[in-house]
Amino acid sequence: MKPTRFLNRATPYLFLAPAGIILLFALLYPIGYLTMASFFDWRMGTPFADAVFYGFKNYAWILNDPNFHESFMVTITFASTVVVLEMVIGVGLALMLERPIRGMSVFRTIFILPMMIAPIVVGLVWRYMYNPQFGIFNKTLKKWGFEPIPWLSSPDWALPSVIIADIWQWTPFIFILSLAALQSLPRSSLEAARIDGASEWQQIIYIKIPLMMPVLVVAALLRMIDAFKVLEVIFIMTNGGPGLSTEIMSLQIYKTAFVSWELGRAAALSNILLVIVLVITLTMFLYTKARDARMARIQAAVEQY
Amino acid sequence: MSEIILENVVKRYGNVAVIDGLNLTMEDNEFTVLVGPSGCGKSTTLRMIAGLETVTSGEIYIGGKPVSHLEPKDRDIAMVFQDYALYPHMNVAKNMSFALRLARQSKTEIDKRVKKVAEMLGIEPLLARKPAQLSGGQRQRVAMGRALVRDSGTFLFDEPLSNLDAKLRAQMRAELALMRQRLEKNMVYVTHDQVEAMTLGDRIVVMHQGIIQQQGTAEELYKKPVNKFVAGFLGSPPMNFFDGILGESEGQLMVSGDGFTLPLPDEVKARIQARSEKAVTVGIRPSAFLLSPASGRQVQLELPIILSEYIGSQSVIVSNLGGQQILIEVGSDTPLTANEVLSFAIDPESIYLFDAEAEVAL
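Residues numbered from 1 in each chain as written. Chains lettered and ligands numbered in written order. Predicted model: local features only at pLDDT ≥ 70, side-chain atom pairs only at ≥ 80, totals over all residues. Heavy atoms only, no water.

Draft legend 1. Layout of the overall build of chain B. Looking only at helices and strands, chain B features nine helices and 21 strands. By its C-alpha atoms, chain B is 80 × 45 × 35 Å across when sized along the principal axes. Classification of the 362 residues of chain B by burial places 51% in the buried group. Of the charged side chains in chain B, 37 are positive and 44 negative, and the gap between their average positions amounts to 12 Å. (Helix = DSSP H or I, 4+ residues; strand = E, 2+ residues; numbered from the N terminus. Buried < 20%, exposed > 50% of the residue type's maximum accessible area, 1.4 Å probe, protein only. Lys, Arg positive; Asp, Glu negative; His and termini not counted. Charge placed at Lys NZ, Arg CZ, Asp CG, Glu CD.)

What follows is the structure, given as structure tokens:
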């Protein structure tokens, strides 16, 4: 009797096991390898076997490195600015363009094009547009009688310029998700709000945005994760310069690995980035969970009453 | 002084007129029910009164004021939706107080009014819950409460009971009728359910294909339907219809068809004298078949039982007259066996006649 019962209970897990093992291996092996590498002084071009064990020295070195501090701040500034502006513009556009307007479907298609272009190309295109002499921006500014702006060549302008390009490319993503969320809102609740006396603005603030929230949180999270890892566009446009003004962390990782050839230190840097992204993601995740739990507690209290 | 008047109201979607020149006056504090089959334009009419749909042409007056260009919020109305339309992210108290909060009422005033209405509807224990934690009937009450809290001059109901199960629906219907007695308000109620219409409405407006067929009290509509549509729509089981021809025999106006010849009352003869030999539609309600020997001017009909449905207080017999299926309603204590032939008496007074083509009552 007993073995059958065990088999009965184990069968589903046995079926799941191969997929689970492959998944676990595929996910954890690279991260494990990365972590191991981060504890060694491993130079590009030398076999790993020759690498010297370094303990936490790579991490200590990075955390004391002023370049890392600079890069960390650039990354945080870039990611948070980009996410906030993309959310505001994307959601705003979706709210404005929600109504059926003639030719809307064409416009929508045009609008999501930037998202589909390879980042390398986006970088190149924007680099040309920002060109101080031939770029469309400075040409236009000159035509209108304004001073040209040193878009990518000034430390003050480089980060905003890069941010603008990212907003151009990724706002459509927020727009599309927001539009889908808006269109799936319960129609009659919005009508009820109109009858209850809510103006367009009040409908947006009290009904539409709160109901879109679950989608918006996920959208912001996805953008946040992506923004922390952005590389190609900035690599092409500024290569981190001038100075360190646009050197986001993934670019610093790239340079550490393929310019300085310090694979161990690059691995440590990657792990730090991973932890940062993980902390942000978990915070947002736990925040939503805590909100749900608070709701559940209130409900439980009510049930008792 | 807040009667609602619809004046030549037309609603078109493209070239299709959904509502075609509607004229309707609903008196102050009247409970008006718009009833009709789906697609008859009753909901569109209600939504135009609410301001959720624009009016293509014509005008709507609420309390003497033209409102067709006003936003819903400026029309002094409250509405209960079919799917309740609660705000999913707000708890019951917040749902109910939303309009008051938008109107910047004081917190004490809001609390007072929410509490009063919640007490009235028996939803006080639910105030902290979200709509997702409520049963259908509870959501229904909250939707009602949200409308009541506002104390508007006009209440609009868009099929508020049709998402409830039969038992709850009957219960809520009774509560609505009670509420209606306590509130001196205009109420406009849309339903496809004739029972709701007949039990709740002071005035019932039967609509079909965007046109008002007839309006009046339940009794007027039931006893004196102006056309075949109204006759067939009100009453359950529905009226039986047969093709017939008017004729005279020995000075008596008769209507005959496949399997029957029925005499008609003299006053009918006076009314439609010129029309003998005319094709008509004969209407007989299922309850007009009497299980008793014919007396006086009543006529005897022998009808077979094909099928009988026991529904508690009555039984409905499916029978056959001249090759056409008919429904007969009898008391449920009548013993019924399939294929048995029963003898029914029909009173000439209970026969309805309609023009075969125009379908208007004769």
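Draft legend 2. Layout of the interface of chain B and chain A. Across the boundary between the two partners, chain B contributes 28 residues, which contact 22 residues of chain A. Taken together, the two surfaces of chain B and chain A that pack against each other cover about 2,200 Å², and 61% of this comes from carbon and sulfur. Taken together, the links from chain B to chain A amount to two salt bridges. The closest approach of N and O atoms between Arg-47 of chain B and Glu-191 of chain A, which form a salt bridge, is 2.5 Å. Among the residues making up the side of chain B that touches chain A, the classes are represented as 17 nonpolar, three polar and eight charged. (Contact = heavy atoms within 4.5 Å. Buried area = accessible area lost by both parts, 1.4 Å probe. Salt bridge = Lys/Arg side-chain N within 4 Å of Asp/Glu carboxyl O. Nonpolar A, V, L, I, M, F, W, Y, C, P; charged D, E, K, R; others polar.)

Draft legend 3. Inspection of empty space enclosed by the protein at higher detail. Scanning the entire structure with this criterion turns up two cavities of 30 Å³ or more. Here the largest cavity is characterised by a volume of approximately 50 Å³. Forming the boundary of the largest cavity are Ala-192, Ile-195 and Asp-196 of chain A together with Ala-78, Met-79, Phe-81, Arg-146, Ala-147 and Arg-150 of chain B. Contributions of two or more residues to the lining of the largest cavity are made by α8 (187-195) of chain A together with β6 (77-80) and α4 (136-149) of chain B. Of the residues belonging to the lining of the largest cavity, the class tally is six nonpolar, no polar and three charged. The calculated volume of the second largest cavity comes to roughly 40 Å³. (1 Å grid on protein atoms, 1.4 Å probe; cavity = no way out; pocket = protein on both sides within 12 Å on 5 of 7 lines; lining within 4 Å. Points joined across faces, edges and corners; volume = space filled by probe spheres on them.)

Draft legend 4. A look at the pairing of strand β10 (residues 211-216) of chain B. Residues and elements named next belong to chain B. Judged from the five bridges that link them, strand β9 (residues 203-208) and β10 form a sheet pairing that is antiparallel. Looking across to β10, one finds that Val-206 is bridged to Gln-214. Hairpin connection, β9 to β10: the antiparallel pair is bridged by two residues, and Gln-209 has positive phi, about 50 degrees. (Pairing = 2+ DSSP bridges.)

Draft legend 5. Seen up close, the pattern of salt bridges. Residue and element names in this part refer to chain A. Applying the stated criterion to the full structure yields 24 salt bridges over all chains. For Arg-187, the salt bridge is made with Glu-98, and the minimal N-O distance between the two is 3.4 Å. Of this pair, Arg-187 sits in helix α8 while Glu-98 sits in the loop between α3 (66-96) and α4 (104-116), and the two are 89 residues apart along the sequence. Residue Arg-187 is classed as partly exposed on the basis of its relative accessible area, which comes to 45%.

Draft legend 6. A look at the pairing of strand β14 (residues 279-284) of chain B. Residue and element names in this part refer to chain B. Among the six residues of β14, five are classified as buried, and the element is accordingly described as predominantly covered. Bridge count for β14 against strand β21 (residues 351-355) is five bridges, and the pairing is antiparallel. Bridging across to β21, Ile-284 finds its partner in Ile-351.

Draft legend 7. How the structure looks around a nonpolar patch on the surface. All names here are of chain A. Side chains of Ile-117, Ile-120, Val-121, Leu-124, Val-125, Tyr-128 and Trp-168 sit close together on the surface and give an oily, nonpolar patch of about 610 Å² of accessible area. Broken down by element, the nonpolar patch gets its largest block of residues, five residues, from helix α5 (residues 119-129). Position of Val-125 among the secondary structure elements: in helix α5. Note on Val-125: relative accessible area 38%, which makes it partly exposed. (Patch = residues over 30% accessible without salt bridge, like charges linked within 9 Å, V, L, I, M, F, W, Y side chains within 5 Å. Areas by Shrake-Rupley, 256 points an atom, 1.4 Å probe, with all protein chains shown as cover.)

Draft legend 8. Fine view of the sheet that holds strand β7 (residues 154-158) of chain B. All names here are of chain B. Read across the sheet, six strands follow the order β6-β7-β8-β3-β9-β10 without closing on themselves; strand pairing throughout is mixed. For this open sheet the edge positions go to β6 and β10, each flanked by a neighbour on one side alone. The mean inter-strand angle of the sheet, taken between neighbouring strand axes irrespective of direction, is 20 degrees. (Axes fitted to C-alpha atoms, helices over the stretch in contact; angles between N-to-C directions.)

Draft legend 9. Inspection of the packing of aromatic side chains at higher detail. The final tally for this structure, using the stated rule, is 28 aromatic pairs over all chains. Measuring from centroid to centroid gives 5.4 Å for Phe-137 of chain A and Trp-151 of chain A, while their planes differ by 50 degrees, and the two rings are tilted. Note that Phe-137 of chain A is positioned in helix α6 (residues 136-143) and Trp-151 of chain A in the loop between α6 and α7 (155-183), a separation of 14 residues in sequence. Judged by relative accessible area, Phe-137 of chain A falls into the partly exposed class, the value being 27%. Trp-151 of chain A sits in the buried class, given a relative accessible area of 10%. Ring centres of Phe-31 of chain B and Tyr-189 of chain B lie 5.6 Å apart, and the angle between their planes is 40 degrees; this geometry places the pair in the tilted category. Here the residue Phe-31 of chain B occupies a position in strand β3 (residues 31-35), and Tyr-189 of chain B occupies one in strand β8 (residues 186-191), the gap between them amounting to 158 residues. We note that Phe-31 of chain B, like Tyr-189 of chain B, is buried. (Phe/Tyr/Trp six-rings, centres within 6.5 Å; stacked < 30°, edge-to-face > 60°.)

Draft legend 10. Focus on the environment of Gln-252 of chain A. Residue and element names in this part refer to chain A. Following the sequence through the fold, Gln-252 ends up in helix α11 (residues 249-258). Overall, the relative accessible area of 8% leaves Gln-252 in the buried class. Distance in space between the C-alpha atoms of Gln-252 and Val-215 is 32 Å, their sequence separation being 37 residues. If we skip the residues at most four places from it in the chain, Gln-252 touches Asn-67, Phe-68, Ser-71, Glu-247 and Leu-269.

Draft legend 11. Seen up close, α7 of chain A. With 29 residues, α7 of chain A ought to run about 42 Å at 1.5 Å a step, and its terminal C-alpha atoms sit 42 Å apart, in line with that. The N-terminus of α7 of chain A is capped by Ser-154 of chain A, whose side-chain oxygen sits 3.1 Å from the backbone nitrogen of Asp-156 of chain A. (Expected span 1.5 Å × (residues − 1). Polar contact = N/O pair within 3.5 Å; in protein donor to acceptor, adjacent residues only side chain to side chain.)

Draft legend 12. Fine view of the side chain of Glu-59 of chain B. Residue and element names in this part refer to chain B. Take Glu-59: it is sitting in strand β4 (residues 57-62). At 7.1 Å, Arg-75 is the nearest oppositely charged side chain to Glu-59, a buried residue that forms no salt bridge. Within the local environment of Glu-59, its side chain forms a polar contact with the side chain of Ser-68, the two groups lying 2.7 Å apart.

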